[in-house]
Amino acid sequence: MADEPAAESPDEQLEEEGGPIKSFLEHLEDLRWVLIKSAAAAGVAMLICLLGGNYAVRVLEWPLNRAPVIASKAQTLRVLFGTNELGRYRVSSNDPLAALVGTNPAVRLQISPLTLGTNQVLGVTAEPEPAPKESLGIQIVNLSPAGSFVVATKVAFYGGLVVAAPFIFYFIAQFVFPALRMREKKYIYRGLAFGAGLFLTGVCFCYFILMPVALAASVQYAEWLGFAAYQWRAEDYIGFVCKFMLGMGLGFELPVVVLTLVKIGVLNYGILASARRYVIVICFVLGAVLTTPEVVTQVLMAIPLLALYEITVWVAWYWERQDRKREEREEHGA
């Protein structure tokens with residue numbers, strides 16, 4: 001009859017209802033190849049990051065070199081042996097070396113070998129010098145024989161995961177997408193695009209804004225407690241920076257996860273609105289776990305996460321409002 005809909009072709013049905021049906025063993029074989037290809041991509045990416053480890057370390061040191069210097073009355077004592085700098089030290093008013101520095105903002109303590117007759121001795125001279133460039137003056141040092149290998153391993157691991165992530169997602173998509181409908185694929189494509197953008201936004205926010213403040217606050221807190229903060233272990237610093245940036249990037253993925261659960265019906269606007277007080281606690285707990293244990297950095301991390309959650313709640317409200325309007329139009333049309 002003329003009013004009967006045209007029968008869909010087998011290809012159209014497969015495209016709308018999912019891919020071709022496979023046996024359980026065929027799915028296991030596909031999954032095996034996904035794991036193999038993902039492991040190979042991660043291995044190659046980690047090897048590349050391992051070979052370029054020196055460049056990666058320079059990149060990770062940038063936030064430390066750009067960290068803001070908090071005003072302090074401490075003076076600087078720079079110790080040199082010949083042309084080699086042994087270290088920089090901040091001298092406070094109650095420090096035993098305060099008399100050596102005097103009223104100068106900075107003093108160079110030069111240690112040089114001297115010859116007195118047939119004896120070789122070390123001579124020490126103290127000379128005032130201009131105030132040092134505004135920086136924290138923290139040196140990243142290796143204090144163990146295996147320290148450099150630990151640092152290289154951490155750089156290769158975290159960097160390799162980030163570099164290989166697009167390829168791993170692609171292999172997973174090849175495995176999952178054939179079983180999805182066109183509507184579901186559309187949502188996943190959008191989610192991956194927004195997720196990648198939000199992850200990079202979180203990493204950049206941490207790298208350029210949050211990390212320098214956190215490092216400066218860490219030094220200030222150590223000085224307030226009376227501890228010296230002139231040198232940090234390389235493996236501790238690299239591990240902290242990598243985990244901090246990775247955690248911030250994953251934290252910015254919150255809207256994608258929540259809105260995906262809203263789309264599939266697990267969450268709705270009412271549940272999200274009533275969970276605000278719990279989300280506030282969770283965001284500050286994440287700030288305490290992923291950052292330095294002081295209030296400023298925790299607040300700087302929690303605020304953008306809370307803002308993203310509020311945006312997510314209002315997006316869920318807008319979607320529900322649009323769905324209600326669509327249902328009302330369909331009822332009136334019927």
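Going by the structure above, here's the rest.
Bear in mind that the values here come from a model prediction, so they are computed numbers and not experimental data.

Novice: For this particular structure, what's the right way to read the overall build of the protein?
Specialist: Secondary structure summary: the protein contains 11 helices and six strands in total. Here the protein, with 334 residues, has 31% of them falling under the buried criterion. Taking the contacts inside the protein whose residues are at least 6 apart along the sequence as the reference set, 74% of them involve residues at least 24 apart. Summed over its atoms, the accessible surface of the protein is roughly 21,300 Å², and 66% of this surface lies on carbon and sulfur atoms.

Novice: Would you explain the environment of Ala41 in this entry?
Specialist: Within the fold, Ala41 resides in helix 2 (residues 24-51). Residue Ala41 is classed as buried on the basis of its relative accessible area of 18%. As for Ala41 and Val163, which are separated by 122 residues in sequence, their C-alpha atoms are 8.9 Å apart.

Novice: Quick question: what am I supposed to make of a negative patch on the surface here?
Specialist: A surface patch of like charges, here negative, comprises Glu327, Glu328, Glu330 and Glu331. Structurally, Glu330 can be placed in helix 11 (residues 295-333).

Novice: Mind showing me how you'd approach the sheet that holds strand 3 (residues 106-116) here?
Specialist: In a beta sheet, neighbouring strands are held together by backbone hydrogen bonds and run either parallel or antiparallel to one another. Pairing in this open sheet of four strands is mixed, and the strands run 2-1-3-4 from one edge to the other. Only two strands of the sheet have a single partner each, and these edge strands are strand 2 (84-91) and strand 4 (119-128). Put simply, the sheet's adjacent strands are angled 20° from each other on average, direction ignored. Where strand 1 (residues 75-81) lies against strand 3, six bridges are found, and the strand directions are parallel. Among the inter-strand pairings, Thr76 is bridged to a residue of strand 3, identified as Ala106.

Novice: Which parts of the structure should I look at to understand the packing of aromatic side chains?
Specialist: Within a pair of aromatic rings, the relevant descriptors are the distance that separates the centres and the angle that separates the planes. Applying the stated criterion across every chain yields a total of 10 aromatic pairs. Plain terms: the ring middles of Tyr269 and Trp314 are 6.3 Å apart, the flat faces sit at 40° to each other, and that makes the pair tilted. One end of the pair, Tyr269, is in helix 9 (residues 269-274); the other, Trp314, is in helix 11, with 45 residues separating them in the sequence. A residue is classified by how much of its surface remains accessible, and Tyr269, at 22% relative accessible area, is partly exposed. Judged by centre distance (5.7 Å) and plane angle (80°), the rings of Trp314 and Trp317 are edge-to-face. Here Trp314 and its partner Trp317 are both found in helix 11, three residues apart, which amounts to about one turn of the helix.

Novice: How should a positive patch on the surface be read in this particular structure?
Specialist: Residues Arg183, Lys186, Arg190 and Lys263 make up a contiguous surface patch of positive charge. Considering every element that reaches the positive patch, the biggest residue donor is helix 6 (residues 182-225), with three residues. Among the secondary structure elements, Arg183 is positioned in helix 6. A relative accessible area of 53% places Arg183 in the exposed class.

What counts, and at which threshold
Residues numbered from 1 in each chain as written. Predicted model: local features only at pLDDT ≥ 70, side-chain atom pairs only at ≥ 80, totals over all residues. Heavy atoms only, no water. Helix = DSSP H or I, 4+ residues; strand = E, 2+ residues; numbered from the N terminus. Buried < 20%, exposed > 50% of the residue type's maximum accessible area, 1.4 Å probe, protein only. Contact = heavy atoms within 4.5 Å. Areas by Shrake-Rupley, 256 points an atom, 1.4 Å probe, with all protein chains shown as cover. Patch = residues over 30% accessible without salt bridge, like charges linked within 9 Å, V, L, I, M, F, W, Y side chains within 5 Å. Salt bridge = Lys/Arg side-chain N within 4 Å of Asp/Glu carboxyl O. Lys, Arg positive; Asp, Glu negative; His and termini not counted. Charge placed at Lys NZ, Arg CZ, Asp CG, Glu CD. Pairing = 2+ DSSP bridges. Axes fitted to C-alpha atoms, helices over the stretch in contact; angles between N-to-C directions. Phe/Tyr/Trp six-rings, centres within 6.5 Å; stacked < 30°, edge-to-face > 60°.

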